[in-house]
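Results of the structural survey
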Amino acid sequence: MSLLRSPLAIAGLVCAVLPFALLAGGLTLTSATDVVIFAIACMALNLLVGHTGLVSFGHGAWFGLGAYAAALAQRHWFAASVAWPALFALGFLLVASVLVGFLVLRRRGVYFSLLTLAFSALTYAVAFRWTAFTGGENGLGGVTRAIWLGVDLENPWVFYAIVAAFGLLVVHALARFHASPIGSVLLAIRENEQRAQFIGYATQRYKQIAYAASATLTGFAGILFAFHHRFASADPTSISSSGELLAMVIIGGMRSLLGPALGALFYILFREYLSIWTANWLLFFGLLFVAFVVFSPTGLVGVWRRLTTPLRPRVVEAAAMAGRAIEHGLPLPAFLLPAARPAGTLLEARGLAKAFGGIRAVEEASLAVADRTLHALIGPNGAGKTTLFNLVSGMFIPDRGRVVLDGRDITGEAPHRIVAAGLARSFQITNLFPALSVAENLRLAVQARDRSHFDGWTPTAAIEPVLERTRELIGFLGLTGIDQAEAGALSYGGQRLLDMGLALASAPRALLLDEPLAGLAAAERERVASLVKRISRDIPVLLVEHDIDRVFALADRVTVMNEGRVLVDGTADDARNSRAVQEIYIGAGTAALVAGAQSHAGRGTGPELLRLDLVDAYYGKSHILQRASLVAHEQEIVALLGRNGAGKSTLLKTIIGIVRADGGSIRLGGEELAGRPAAAIARMGVGYVPQGRGLFAGMSVRDNLELGRLRRAKSAGLAWSEDKILEFFPRLQSRLDTPADFLSGGEQQMVAVARALSGHVRVLLLDEPFEGLAPAVIEELFEVFDKLRSEVTIIIVEHNLDLVLALANQAYVLERGSVVYEGAASELRENVDLRRRVLWM
Amino acid sequence: MMLIEILEQVLNGLLAGAYYLLIALGLTLIFSLGGLVNLAHGAFYALGAYFAVKLADTLGFAGVLVVSPLAVALIGLIVERLLFRRFYREDPALGLLLTFGLALVAEQALRWIFGAAPIPFSIPPALKGQVLVGDFIYSKYRLLMLVIAAAAVAGLWLLLRRTPFGRVVRAGVQNPDMVAALGISLAPYMASVVALAVALAALAGVLLAPISGVHPAMGTDILTASFVVVVIGGLGSFWGVVWAALIVGVVRGLTVYFFPPAAEASMYVLMLLVLLFRPRGLFGERIQRFE
């Protein structure tokens, strides 16, 4: 049964029936041969489009070049032969496609597509103009088929049989190739090229192989075409011919091996039958193509699958983590155990520095990870942890400094080389191959370090060592039972675990984990934390994590970063007891830094203005806000506190509508905000200053302010005219014509606040407004906010607690997306013990 | 004498470059704000030319110079509303396929309605003749084309730099979320940008019609040249595209003088060199602001 359903069996059956079916339908044998030839070309093109995710608009050129090469070779060198011109043409195609592939693959994404388009245009221009060589407009006629190995190829039935045999051979070869390690890597590239690099694949080489194979095979169809129609011309190299090939692929179905062949059959039938009625059948074909792109990008096969889905049992019913068989305490699989165990430092970063634009994200950061330890890297937002991570793992190239792994300098190497050297990483934002199964995700990562990874013929299902290691790993991670689920369908916790598994699968000497616990439920955190601990007994782990309680309980060593530098490097106790570290997280608790700040005891006097009730919000699958509630009155400042990743910024973004509220209600003066687009919410009177200010570079201060006013100034007079704003920010007066990005940090912050106020604004949302500013500027801004209190309601997120508590009336503390404490700001300001309880550990 | 001939060819090359530029600027505007590469842009150019041919008898050349771009802008608005809008936040490959399909449909529709043969369209009599500057002779019409193209580019630049509309567009390119947070909905701006971009393409179509001929495939021809410009200059960069177009134009002019058969291929060679030595384009791929 399964044999009958194999692509080869289906294709064989169709090839056997096709000529008779077409003849019965009033068409010719020529059409049947055309169907098979175009089917070969389309399946070959789909190797790139559907399988690797590279849309080529220039494959018609290869079809045409194949035809030319065969026709010219027969005319000039191999008269009356069929095999030699064909072989010559194949050789030519292979060499040419490797060279062209090298060039067009130097650019990615849409640029790749544009380059293939240009390649097609160039080929057509040359073929059409170089009349002496290519026959120009008339093409090259007189191609003969003659007798080959005693068989008369001039007989159309014989020729059909040979073309069909080649077609079946191509189906077989493509099926093998798709199922092979190389084929599986191409799928991975389509799904997520960056991750494919970070599990150890030199993706560029795989793409070049795919391009050359696809182009050569398409050209092979062109060779058959030349012998079939006995001539070669410039027509197939034109852009519209490339488009027809692509249309066949899309209409047939790019997500299946035989889909494009179905598209070719459809194309020929469409052409033959419709051209009886109109000479403009291509117009209707084009319309159909557009309709498929808009309504069913997976083509006829996709339509068929959608129609039959209700009839078939789903392979994966529940991707819930509940379906797992958890085996506690399994040892690390043997293949992951490092061979040599040097004592002392295994991974070392020496004086790393990196700046983006003018902002120095990391300056002079050094750390040393000893073998078989769990080393945690912590610090507040913007401390440079993730940047340091990216420098070590090869995502960014450092401006200064070195990274040494096991005595080998790996600074600035390509990601796949770093993986090969023995350093693997996970990602903060889940980074998987979403359309592939859990097992296939892990198998790909295991395969990257296996000898078989460059095999294009053996099915992956037959490479037992890789499968065995994958199974061991699935068991170790506790993913047994959901290993056939699609990775994209997993719960958030499952995806985080899989992300870590992908890094582990490449059998690294050292493992970098970027917030593996973020967003997990309590029980899940417990499990994953102990898993990380177990791994670290054999493979040293460098961990970035916000959950400092957990970090101090688990880590053998802790490095604390602040403002791009290493603040403390020692044991967990060293970090826990360090005054400097505590100050970063909960402030000094000393009297307010700012002179003239008076205590604001509790709620403001005004009536209630903004109310959030049980608001939920998600980033992808990550549940960021969980039933968060908050009230803000008129004429008061509300502080949002909590650790990194608690959901403070997301709460602001949910109010302004940049992040969608998925449940609950947000009311401003009785009007519902939730569910409206950001622009509408802003027009209702919400001003927003994002972290990093979000000023428009290259535009003057005046222009920035004007954009704030453009749509929010209602007819009933300006609440915040330019004059009124300048009253609050007199310093901006002389800067009005200066480009915003030329200002100092403090002035930029003022512009951002002034812009957010421009128009009718009742609520002002501030995200880290004091970040990176000098004390004098902080004081100035502090006073402005204090004064603004009488005009607007302010909700402020700020990590400097002493400062923000001196400013605010009311404070809310968030933890994992929920409000865990609410009270007068003065209480938290004065009672450092309370502060420690609520905000430290 | 030789210098003057070279100058003439360079000027012709610049003229070609200027018209690639009008197409390329529209492409890069739509891409920067919407993330959509409009492969159907050439179709709007062809449409502009066909409108000109068909309406020139009743409206006169000056008339079609205005009416044709306006009519094409209207069609652009409809296409944006019905189709483009669904694809701004989709996989860019789908947007490419969609607009490619549209280009195919447009070319076939033109073939169906107006026939496959080129339609003659001559320079209006008032603009025939030459301009003489010392020894230098140049076609009056071509000079006018050059002036109009330069004016269009300068006008676009002023629109983007000096008007609230342009500032919203540039801000939207930089940070669409922030623009929304200031109460500005980008959708009408996106529609206007598409209308403006296709109107520029149509203007180029009208002006080039007497020189390059009016035929169904004319859109595809100029589009590929514009893509070469865009690959060299970078999508999303105003000046990158301008420089690339000028360089392509000058190189083309010089090749026409020194080695005419390679005129067509010269820009591809240029692209090849850029790809080999500056794989991310002359001005880089990631341009944060549209300048």
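Above this text is the structure in question.
Below you will find a few notes about this structure. All values reported here derive from a predicted model rather than from experimental measurement.

Overview of the overall build of chain B
- Assigned secondary structure in chain B consists of 10 helices and 2 strands.
- The helix and strand sequence of chain B, counted from the amino end, reads α-α-α-β-β-α-α-α-α-α-α-α.
- Against the compact-globule benchmark of 19 Å for 291 residues, chain B has a radius of gyration of 19 Å, which places it among compact chains.
- Its C-alpha atoms give chain B principal-axis dimensions of about 60 × 50 × 35 Å.

Remarks on the interface of chain B and chain A
- With 50 residues of chain B in contact, the opposing surface of chain A contributes 53 residues.
- When residues of the side of chain B that touches chain A are traced back to their parent elements, those giving at least two are helix 3 (92–114), helix 5 (164–174), helix 6 (176–181), helix 8 (218–233) and helix 10 (263–277) of chain B.
- With 16 residues, the single largest contributor to the side of chain B that touches chain A is helix 3 of chain B.
- Here the side of chain B that touches chain A is composed, by residue class, of 32 nonpolar, 9 polar and 9 charged.

Some thoughts on the sheet that holds strand 22 (residues 818–824) of chain A
Residue and element names in this part refer to chain A.
- Spatially, 18-19-20-15-21-22 is the arrangement adopted by the 6 strands of the open sheet, whose pairing is mixed. One side of each edge strand has no neighbouring strand; the edge strands of this open sheet are strand 18 (686–689) and strand 22. For this sheet, the mean inter-axis angle between neighbouring strands, taken without regard to orientation, is 20°.
- Relative to strand 21 (residues 810–815), strand 15 (residues 637–641) runs parallel, the two sharing 4 bridges. Across the sheet, the residue bridging to L640 is Y812, located in strand 21.

Some points on the sheet that holds strand 7 (residues 408–409) of chain A
Residue and element names in this part refer to chain A.
- One open sheet accounts for 4 strands, arranged 4-3-6-7; its pairing is antiparallel. Each of the sheet's edge strands pairs with one partner strand only, and the pair in question is strand 4 (359–370) and strand 7.
- One ladder, built from 8 bridges, connects strand 3 (residues 345–356) with strand 4; its direction is antiparallel. Across the sheet, residue E348 finds its bridge partner in strand 4, namely A368.

Regarding the packing of helix 11 (residues 239–252) of chain A against helix 13 (residues 281–295) of chain A
Residue and element names in this part refer to chain A.
- Here helix 11 crosses helix 13 at 50°, and the two axes come no closer than 9 Å. Considering their axes alone, helix 11 and helix 13 lie oblique with respect to each other. Between helix 11 and helix 13 lies a crossing whose hand is left-handed. Packed against helix 11, whose contacting residues are A247, I250 and I251, the element helix 13 presents F285, L288, F289, F292 and V293 at the interface.
- Across the contact of helix 11 with helix 13, the residue classes tally to 8 nonpolar, no polar and no charged.

Topic: the environment of A:H799
Residue and element names in this part refer to chain A.
- Here H799 shows up in the loop between strand 20 (793–797) and helix 30 (801–807).
- Take H799: there are 20 C-beta atoms within 10 Å of it, and that puts it in the buried class.
- Taking the C-alpha atoms as reference points, H799 and N381, 418 residues apart in sequence, are found 8.2 Å from one another.
- In this view, H799 contacts P380, N381 and E768; residues no more than four positions away in its chain are not counted.

Here's the deal with helix 19 (residues 492–505) of chain A
Residue and element names in this part refer to chain A.
- Across its 14 residues, helix 19 extends 20 Å between first and last C-alpha, which sits within 8% of the 20 Å expected from 1.5 Å per residue.
- Counting buried residues in helix 19 gives 14 out of 14 residues, a clear majority hidden from the surface.
- Phi turns positive, to about 50°, at A507, one or two residues after helix 19.

As for the nonpolar core
- Of all hydrophobic cores here, the largest spans 379 residues; its most connected members are A:A118, B:L22 and B:V229.
- Among the elements that take part in this core, helix 7 (residues 187–212) of chain B stands out by supplying 17 residues, more than any other.
- In contact with B:V229, not counting residues within four places along its chain, are B:Y20, B:L21, B:A24, B:V241, B:A244, B:A245 and B:V248.

Digging into unusual backbone geometry
Residue and element names in this part refer to chain A.
- Positive phi is not limited to glycine here, since E563 has a value of about 50°.
- Mapped onto the elements of the fold, E563 is located in the loop between strand 11 (557–562) and strand 12 (565–570).
- When the 17 C-beta atoms within 10 Å are taken as the criterion, E563 is described as partly exposed.
- Positive phi values are uncommon outside glycine, yet R627 reaches one of about 50°.
- Inspection of the secondary structure assignment puts R627 in strand 14 (residues 622–633).
- On the neighbour-count criterion, R627 (14 C-beta atoms within 10 Å) is partly exposed.

The rules behind the values
- Residues numbered from 1 in each chain as written.
- Chains lettered and ligands numbered in written order.
- Predicted model: local features only at pLDDT ≥ 70, side-chain atom pairs only at ≥ 80, totals over all residues.
- Helix = DSSP H or I, 4+ residues; strand = E, 2+ residues; numbered from the N terminus.
- Rg over C-alpha atoms; globule rule 2.2 N^0.38 Å.
- Contact = placed C-beta atoms within 7 Å.
- Nonpolar A, V, L, I, M, F, W, Y, C, P; charged D, E, K, R; others polar.
- Pairing = 2+ DSSP bridges.
- Axes fitted to C-alpha atoms, helices over the stretch in contact; angles between N-to-C directions.
- Parallel < 35°, antiparallel > 145°, perpendicular 65-115°, else oblique.
- Left-handed = near helix turned anticlockwise from the far one by under 90°.
- Buried ≥ 20, exposed ≤ 12 C-beta atoms within 10 Å, placed from the backbone.
- Expected span 1.5 Å × (residues − 1).
- Core = buried A, V, L, I, M, F, W, Y, C linked by C-beta atoms within 7 Å.

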